[in-house]
Amino acid sequence: MSFDEIIDRRGTHSAKWDMMETLYGVPAKDGLSMWVADMDFRPPQCVQDAVQGMADHGVYGYFGGDGEYKAAIQWWMENRHGWQVQPEWIFTTHGLVNGTSMCIDTFTAPGDGVVLFTPVYHAFARVIEAAGRRVVECEMPLADGRYELDIEGWNARMDGSETMLILCSPHNPGGRVWTRTELEQVAEFARRHDLILVSDEIHHDLVYPGHRHIPMAHIDGIADRLVMMTATTKTFNIAGSHVGNVIISDPALRTRFAARMAAMGMSPNSFGLIMATAAYSPEGAAWVDDLMVYLDGNRKVFDAGIAQIPGLASAPLEATYLSWVSFEGTGMTPEEFTGRVSKEARIATNAGPTFGKGGESFLRFNIATPRARIDEAVARLKDAFGDLQ
Ligand SMILES: Cc1ncc(COP(=O)(O)O)c(C=O)c1O
């Protein structure tokens, strides 16, 4: 397959393409959709074959026997991340937003503080607040457009009412791959404030050359308070299958989580499990390697284009296909630069403030689309901000 192929996703119940007019006022006719995090590519053939096999069989009953699925997860984590996972550690949730809310429900109480390093993936705050817990925003400082941790400053902000920290690793948005030293600092922060550490590693396969993702599970002295979350869905572009893994090595935490899963009546979706099992394979791995070469090319073209527009600056992406662009240098209000992007450039993006403190002067652009669309987006942005040249 070629990542260059333009696939028209309009009229397919695609949130990304079919909701952009309603949500962002970007016309369906000739708008470019660069918001929500799914890619405009088909998954690898092994995943297509698995779905086709289900359709050919044509009976869609309850799923049973998750041994193959768990073995595929073990294989992937060992081969791609050097992380050994035991089958009994793995819980399957209805995606990782659901996994996050299950963790909040299991390990915190109403009114508790849940710490986020912001700006960060917006659904975390949404589910924390919906569950009647409090979001404790710890804003990350920027150094040359790259987010850093401010553990010392954040230590002083904790008041003892916080019971959980949700880390995004690699980070969305901003694209940081946290270093071992940074992960050790995060672990120390969680221990010091007695926080359960939920490490959302959904972007862990989408890492660019020169960077290496380290699973939080590889950091010493954190296992007794650590919940890992991973999924096939970002990596293979199968987010509609809504399946994710919550992986807990600590037996006591696991017992508590298992009890909540049982109480919520959670059971897996057969499409999700069969697609994920097919994806975590040597064929899937080769596809991801090709994907990353393509995305690396997109990242370079997009960054080079943004760098030519005075006042705009894109974060140096170390991972993810979500480019975080600052408009601070334009001197415009958020309404003005957002309006120019959605109305003049006709591009749907995610608004920075939805990611929490520190996101005010940013828009997030999804660059996982055929290269021709990246070229088109850059050309439209140059026009929309042409008066700044
Ligand atoms: C950090 C992070 N976690 C979770 C999700 C969504 O997970 P799911 O679709 O499995 O609910 C996203 C989607 O962009 C994400 O960026």
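Criteria and thresholds
Residues numbered from 1 in each chain as written. Predicted model: local features only at pLDDT ≥ 70, side-chain atom pairs only at ≥ 80, totals over all residues. Heavy atoms only, no water. Phe/Tyr/Trp six-rings, centres within 6.5 Å; stacked < 30°, edge-to-face > 60°. Lys NZ or Arg CZ within 6 Å of the ring centre and 35° of its normal. Domains from an automatic or database assignment. Contact = heavy atoms within 4.5 Å. Buried area = accessible area lost by both parts, 1.4 Å probe. Salt bridge = Lys/Arg side-chain N within 4 Å of Asp/Glu carboxyl O. Helix = DSSP H or I, 4+ residues; strand = E, 2+ residues; numbered from the N terminus. Buried < 20%, exposed > 50% of the residue type's maximum accessible area, 1.4 Å probe, protein only.

Colleague: So, the packing of aromatic side chains: which residues are in play, and what are the values?
Modeller: Enumeration according to the criterion identifies 21 aromatic pairs in this entry. Over the ring of tyrosine 208 we find arginine 299, and its NZ or CZ is 4.1 Å from the ring centre.

Colleague: Describe in detail the domain arrangement of the chain, supporting the description with residues and values.
Modeller: Along its sequence, the chain is organised into domain 1 (15-44 + 284-388) and domain 2 (59-281). The straight-line distance from the C-alpha centre of domain 1 to that of domain 2 is 25 Å. Every contact between the two is made by 36 residues of domain 1 and, on the other side, 36 residues of domain 2. Roughly 3000 Å² of surface becomes buried between domain 1 and domain 2 when both sides are summed, with 58% attributable to carbon and sulfur atoms. Looking only at domain 1, the three residues that lose the most surface to domain 2 are Glu318, Phe355 and Lys357, adding up to 25% of its buried area. Scanning the region where domain 1 abuts domain 2 turns up three salt bridges. Counting residues per element, the ones that place at least two in the side of domain 1 that touches domain 2 are α12 (282-307), β12 (322-326) and β15 (362-366). The element contributing the most residues to the side of domain 1 that touches domain 2 is α12, with ten residues.

Colleague: Quick rundown of the pattern of salt bridges? Include the residues and the values.
Modeller: A full pass over the atoms with the stated rule returns 20 salt bridges. Where arginine 346 meets aspartate 30, a salt bridge forms, and the shortest distance between an N and an O atom there is 3.0 Å. Here arginine 346 is found in the loop between α13 (334-344) and β13 (347-348), whereas its partner aspartate 30 is found in the loop between α2 (20-24) and β1 (32-33), with 316 residues between them in sequence. Relative accessible area serves as the criterion here: at 28%, aspartate 30 is assigned to the partly exposed category. Taking the shortest distance from any N to any O, the salt bridge between lysine 70 and aspartate 66 comes out at 3.6 Å. Exposure remark for lysine 70: the relative accessible area of 15% places this residue in the buried category.

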